[in-house]
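A closer look at the structure
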Amino acid sequence: MTPDSTNGAFGSQPRDRLGRPIRDLRISVIDRCNFRCTFCMPADREYRFLPRQQLMTFEEIERLVRLFVQLGVRKLRLTGGEPLLRRDIEELVRILAAVPGIEDLALTTNGALLGAKAPALADAGLNRVTVSVESLRADVFGRVTGLGHSVDQVLDGIDAAAAAGLGPIKINTVVMKGTNEGEIADIAGYFKERGHIVRFIEFMDVGTVNDWSLDRVVTASEITGRIAERWPLEPVDRAQASDVAERFRYLDDGVEFGVIPSISRPFCGDCARARLSSDGRLYTCLFADTGPSLRDRLRAGATDDDLLAFLAGHWRQREDRYSEVRAERLRAGLQPAAERVEMFRIGG
Ligand code: SAM
Ligand code: SF4
Ligand code: SF4
């Protein structure tokens, strides 16, 4: 055993330069989306999507996942773009649910297709879903998501997921000044009543097309403050060091919510997350500008041993701490670094 590795049940597990293991893998299964959220892929831009043959196949994803398990991955999250647009996504879920070593298989979705898909996803072995909801008001929801979708369809999808057993359900809500900040307590209350865990996310400078600026960020402390005005709360300890959310519990019913303070209190120190883009590139940070193509290595005939050595070596070189660096730059009056992959290519 070397100092930058530990031995796990499935093989040698690398640590990066900051001593962080690799535990979570987020897999973007498609770059297309049926929404055009203002904070992710605004509708006033043109997007060029990958042709089908450039997407990773299910067999390629499965093979990579088996290798990542050997390196330490225990949690998988399918994302996108909109993962429910990937044809036969249930089949991929079934394949990945059967990989030994995977303890948690989740999926993040905008929820528009969830009503139709929830039972099949649960049946295929999906453990949990996270659904993104930025507003409960029809007009704001339509404006934020860009293509005139109805929030009722998403809320029905969430009910269908709960009925199918895809819980505990999490709701992701990006909070933006001038958009949905006035709805924080209403959103909290709606999902509190149903026992779902909302995670309010500070608007982040992901990608390059969402016109991010610091003065559009509502901080995690402000968000918690608005909720505390309506209900008494207590903080909850993080279940794992690598959890990104600061958690709270309502004293009256024990339901939880969280805030993700990526801008105001960055948390790179325990980040054990890797991301695979829909064309099979490996990103070791949400804010990276590029990553090596695993798909090309697979298609060029790399063996499992070649790939394992490559992945372990790549992880050992990792020193990403973008959010902490961003905080340092902002404190010094500088803008965040400019080159970043778009969120819909690698998922949240
Ligand atoms: N389409 C799916 C969805 O919206 O849930 C999955 C992909 S989406 C890129 C994953 C998550 O990223 C969503 O919860 C979304 O709210 C979040 N996200 C996208 N852009 C963001 C931004 N600028 N700041 C914070 N979160 C963002
Ligand atoms: Fe699509 Fe999700 Fe991005 Fe919205 S946040 S545009 S639903 S990928
Ligand atoms: Fe991890 Fe990068 Fe986010 Fe830091 S900025 S927590 S290293 S993904």
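Conventions we followed
- Numbering of residues starts from 1 in each chain and follows the order in which that chain's sequence is written.
- For naming, the first written chain is A and the first written ligand is 1, with later ones following in the order written.
- Predicted model: local features are reported for residues with pLDDT of at least 70 only, side-chain atom pairs are reported and counted for 80 or more only, and whole-chain, interface and lining totals are derived from all residues.
- The basis for every side-chain value is the complete set of heavy atoms in the structure, and neither hydrogens nor water enter the calculation.
- The criterion for a residue being near a molecule or strand is simple. One of its heavy atoms has to lie within 4 Å of it.
- A 3.5 Å cut-off defines polar contacts: any pair of N or O atoms within that distance qualifies, except that in protein one atom must be a possible hydrogen donor and the other a possible acceptor, and neighbouring residues in sequence count only when both atoms are side-chain atoms.
- A helix here means a DSSP run of H or I that spans at least four residues, while a strand means a run of E at least two residues long, and both kinds are numbered starting from the N terminus.
- Each residue is assigned to one class: nonpolar for Ala, Val, Leu, Ile, Met, Phe, Trp, Tyr, Cys and Pro, charged for Asp, Glu, Lys and Arg, and polar for all the others, Gly among them.
- Simply put, an axis is a line fit to the C-alpha atoms, just over the touching stretch for a helix, and the angle between two N-to-C directions goes from 0 to 180 degrees.
- Each crossing gets its hand from how the near helix is turned against the far one by less than a right angle, where anticlockwise is left-handed and clockwise is right-handed.
- Two residues qualify as a contact provided that any one of their heavy atoms is within 4.5 Å of a heavy atom in the partner residue.
- Throughout this description, buried means an accessible area under 20% of the type-specific maximum (1.4 Å probe, protein chains only), exposed means over 50%, and partly exposed covers the range between.
- Pairing between strands is defined by DSSP: at least two bridges between the two strands are required.
- By this rule, a helix spans an expected 1.5 Å times one less than how many residues it contains.
- In this description, the arc belongs to the directions extending from the helix axis to the C-beta atoms.
- The definition of a nonpolar core used throughout is a set of buried Ala, Val, Leu, Ile, Met, Phe, Trp, Tyr and Cys residues joined through side-chain atoms within 4.5 Å.

Once that is clear, we can look at the site of ligand 1. The environment of ligand 1 is formed by 21 residues, the closest being F39, G81, S132, N172 and M204. Take G81: an N or O atom from its main chain is 2.9 Å from a nitrogen atom of ligand 1. Among the secondary structure elements, those contributing two or more residues to the shell around ligand 1 are β5 (104-109), β7 (170-175) and β8 (197-202). Grouping the constituent residues of the shell around ligand 1 by class yields eight nonpolar, 10 polar and three charged.

Attention now goes to the packing of helix α6 (residues 184-194) against helix α7 (residues 220-228). The geometry of α6 relative to α7 is characterised by a closest axis approach of 9 Å and an angle of 65° between their N-to-C directions. Judged by the twist between their axes, the crossing of α6 over α7 is right-handed. Counted together, I184, A185 and A188 of α6 and I223, R226 and I227 of α7 form the full contact between these two elements. Of the residues assigned to the contact of α6 with α7, the class counts are five nonpolar, no polar and one charged.

Along the polypeptide, Y47 turns up in the loop between β3 (24-28) and α1 (58-71). Relative accessible area serves as the criterion here: at 15%, Y47 is assigned to the buried category. On a C-alpha basis, the gap between Y47 and D31 in space is 9.8 Å, while along the polypeptide they are 16 residues apart. Once residues within four sequence positions are removed from consideration, Y47 is found in contact with R36, M41, P42, V209 and F344. A polar contact of 3.2 Å, which involves the side chain of Y47, links it to the backbone oxygen of M41. At a separation of 2.7 Å, a polar atom in the side chain of Y47 contacts the main-chain carbonyl oxygen of P42.

Below, the discussion takes up the site of ligand 3. Taken together, F267, C268, C271, R275, C285, L286, F287, R318, D320, Y322 and S323 form the complete shell of residues around ligand 3. Split by residue class, the shell around ligand 3 holds seven nonpolar, one polar and three charged.

As a further point, take the sheet that holds strand β11 (residues 256-260). One open sheet accounts for 11 strands, arranged β9-β10-β11-β8-β7-β6-β5-β4-β3-β12-β13; its pairing is mixed. The two strands at the open ends of the sheet, each matched to only one other strand, are β9 (233-236) and β13 (282-283). Note: β5 against strand β6 (residues 128-132), four bridges, orientation parallel. Bridge assignment links L107 to a residue of β6, and that residue is V129. Of the strands in this sheet, β7, β8 and β10 (246-250) touch α6, which is tilted by about 155° from β8.

Turning our attention to the side chain of R20. Along the chain, R20 falls in the loop between β2 (11-14) and β3. R20 sits in the buried class, given a relative accessible area of 2%. Ignoring anything within four residues of it in the chain, the contact list for R20 reads P14, R15, C268, G269, D270, C271, W315, R318, E319 and D320.

Moving on: helix α9 (residues 304-316). One full turn of an α-helix is made of 3.6 residues, so residues set three or four places apart face in the same direction. An ideal rise of 1.5 Å per residue puts 18 Å on 13 residues; α9 measures up with 18 Å between its terminal C-alpha atoms. Every buried residue of α9 is accounted for by L307, L308, L311, A312 and W315. Down the axis of α9, the smallest arc covering the buried residues is 125°, so these residues share one side. Looking at α9, the residues exposed on the side facing more than 90 degrees away from the buried face are D305 and A309.

Judged by nonpolar contacts, the single largest core of 104 residues is most densely connected at I27, V65, F68 and F200. Setting aside chain neighbours within four positions, we find F200 in contact with T173, V175, I184, I187, A188, I223, I227, F257, G258, V259 and I260.

All right, on to α1 then. Relative to the 20 Å expected for 14 residues at 1.5 Å per residue, α1 spans 20 Å between its end C-alpha atoms, a close match to the ideal helical length. Residues of α1 that are buried: F58, E60, I61, L64, V65, L67, F68, V69 and L71. The first or second residue beyond α1 is G72, which carries a positive phi of 130°.

Glancing now at the environment of E328. Mapped onto the elements of the fold, E328 is located in helix α10 (residues 322-331). E328 gets classed as partly exposed once you look at its relative accessible area, which sits at 36%.

Function cannot be read off these values alone, since they describe shape.
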